[in-house]
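Here is how the chains run, residue by residue.
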Amino acid sequence: MMDGYGKFTTQGIKYAGSKLKLIPYIVDVICSLDNIKNVLDGFSGTTRVSQAFAQLGYNTTSNDISVWSEVFATCYLKADKPTEFYQHIIDELNSLNGIDGWFTEHYGGDDVSSKKPFQKKNTRKLDAIRCAIDKMQLEWEDKCVLLTSLILAMDKVDSTLGHYAAYLSKWSKRSYNDLLLKVPYRYKVKGKNDVLRGDVFDVVKNDEFDFAYFDPPYGSNNDKMPSSRVRYQSYYHLWTSVIKNDHAELFGKAGRREDTRDKNAISSFEEFRRNADGKFIALEALKKLIDTTKSRYILLSYSSGGRATKEELHDIITQSGKLVFAKEIDYKKNVMSNMRWTNEWVNSDGAHHEYLFLMKKYR
């Protein structure tokens, strides 16, 4: 296992829930604990935390409900062929001429007023590459490396704010660049890693872990948030289409997949409503998750814009275990300090902060 943190590299796309800046602090926490072997990243997203755990040598289970997260995790935690193997294929894909296909029809633009996420020169390349990948006789792990490479390349030429629920009215500077695939950064797989795509409750019900990290998409604390608000699955619908290549039925100006309509893409952790008993659904889901998880330690990360108050989180945690510490992350000072348990969040100035809560479960 590596000493300390900062000696590893993770890759990912622009993501509203990215924990890139939190990784050094998360690693600092897990490395301070004894006898940790089997770890869970329960809401892995772009898998940066899973990548860090795996590089540190832990037996890492990466789970998320998104198909694109499953592909990323498979690329970084499972695929083990040498870089030269993938470089040969990627060189071939980069040499393809663009074609007009489904992605160009729905997501390619050639003028400023089109409000599309990509310029047509890049969606044509995408259409050609995505078609070619499906025609190759590849093992699943190898296909995941190529699809990860494709999405990383697309993320560098988009004209968005980092998600696909709306697009910029003018082309971003990066959108003029040419789509170019590169072999994703990989490392020698040390531990026994598992990649899952499913409900986190099923995962924690069926397996035990020494350490579990949870970063659920907490419901917003904005009481005026409309019921039709866009969910995580909707923000990144395009990555789902790239992975599945299923030419899904679309709706709306952003060209969202029908299966990402809000009534079909609601996570209990994103729910901001109260249940029949007057309790917030998101907090009840969190309590259920902590109660169900069979793990010596649980680390929660929390964003100050979420539904819960400190006191509510404290009550949920202490009902199932002992709160070891609560930390506030100050990115400007690049420090992690003890959090003060007052009636209001520490960020009373309205600033956005991140928090870490480490608990030890009761046996």
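Cut-offs applied
- Residues numbered from 1 in each chain as written.
- Predicted model: local features only at pLDDT ≥ 70, side-chain atom pairs only at ≥ 80, totals over all residues.
- Heavy atoms only, no water.
- Salt bridge = Lys/Arg side-chain N within 4 Å of Asp/Glu carboxyl O.
- Helix = DSSP H or I, 4+ residues; strand = E, 2+ residues; numbered from the N terminus.
- Disulfide = S-S within 2.5 Å.
- Buried < 20%, exposed > 50% of the residue type's maximum accessible area, 1.4 Å probe, protein only.
- Contact = heavy atoms within 4.5 Å.
- Phe/Tyr/Trp six-rings, centres within 6.5 Å; stacked < 30°, edge-to-face > 60°.
- pLDDT = per-residue confidence, 0-100.

Enquirer: Which residues make up the pattern of salt bridges, and what values go with them?
Expert: The final tally for this structure, using the stated rule, is 17 salt bridges. The partner of Lys-14 in a salt bridge is Asp-155, with the nearest N and O atoms 3.1 Å apart. Taken together, the residues Lys-14 in the segment before helix 1 (23–31) and Asp-155 in the loop between helix 7 (140–154) and strand 5 (194–196) connect sequence positions 141 residues apart. Among the salt bridges present, the one from Asp-259 reaches Arg-257, with a minimum N-O distance of 3.0 Å. Salt bridges sharing partners connect three or more residues here, namely Lys-14, Asp-155, Asp-158 and Arg-174.

Enquirer: Quick one: what's the story with the state of the cysteines, residue by residue and with numbers?
Expert: By the definition in use, this model includes zero disulfides. Cysteine Cys-75 shares no disulfide, and the gap to the nearest cysteine sulfur, in Cys-144, comes to 7.6 Å.

Enquirer: An account of the side chain of Asp-155 is requested, with residue identities and associated values reported.
Expert: The class for Asp-155 is buried, based on a relative accessible area of 10%. Once residues within four sequence positions are removed from consideration, Asp-155 is found in contact with Gly-12, Ile-13, Lys-14, Arg-174 and Trp-239.

Enquirer: Residue-level account of the packing of aromatic side chains, with values.
Expert: The description of an aromatic ring pair uses the distance of the two centres, along with the angle that the planes make with each other. Summed over all chains, the structure comprises 15 aromatic pairs. Relative to Tyr-236, the ring of Tyr-15 lies with its centre 4.8 Å away and its plane at 50°, an arrangement referred to as tilted. With Tyr-15 in the segment before helix 1 and Tyr-236 in the loop between helix 9 (232–235) and helix 10 (237–244), the pair connects residues that are 221 residues apart, well separated along the chain. Under the relative-accessibility criterion, Tyr-236 is labelled buried at 1%. Ring centres of Phe-53 and Phe-211 lie 6.0 Å apart, and the angle between their planes is 90°; on these two criteria the pair is classed as edge-to-face.

Enquirer: Account for the confidence of the model for the chain, naming residues and giving values.
Expert: For the chain, per-residue confidence averages 85 on the pLDDT scale, and residues scoring 70 or more make up 81% of the total. Of the regions scoring below 50 in pLDDT, residues 219–230 engages in 32 contacts with residues more than four places distant in sequence or in other chains.

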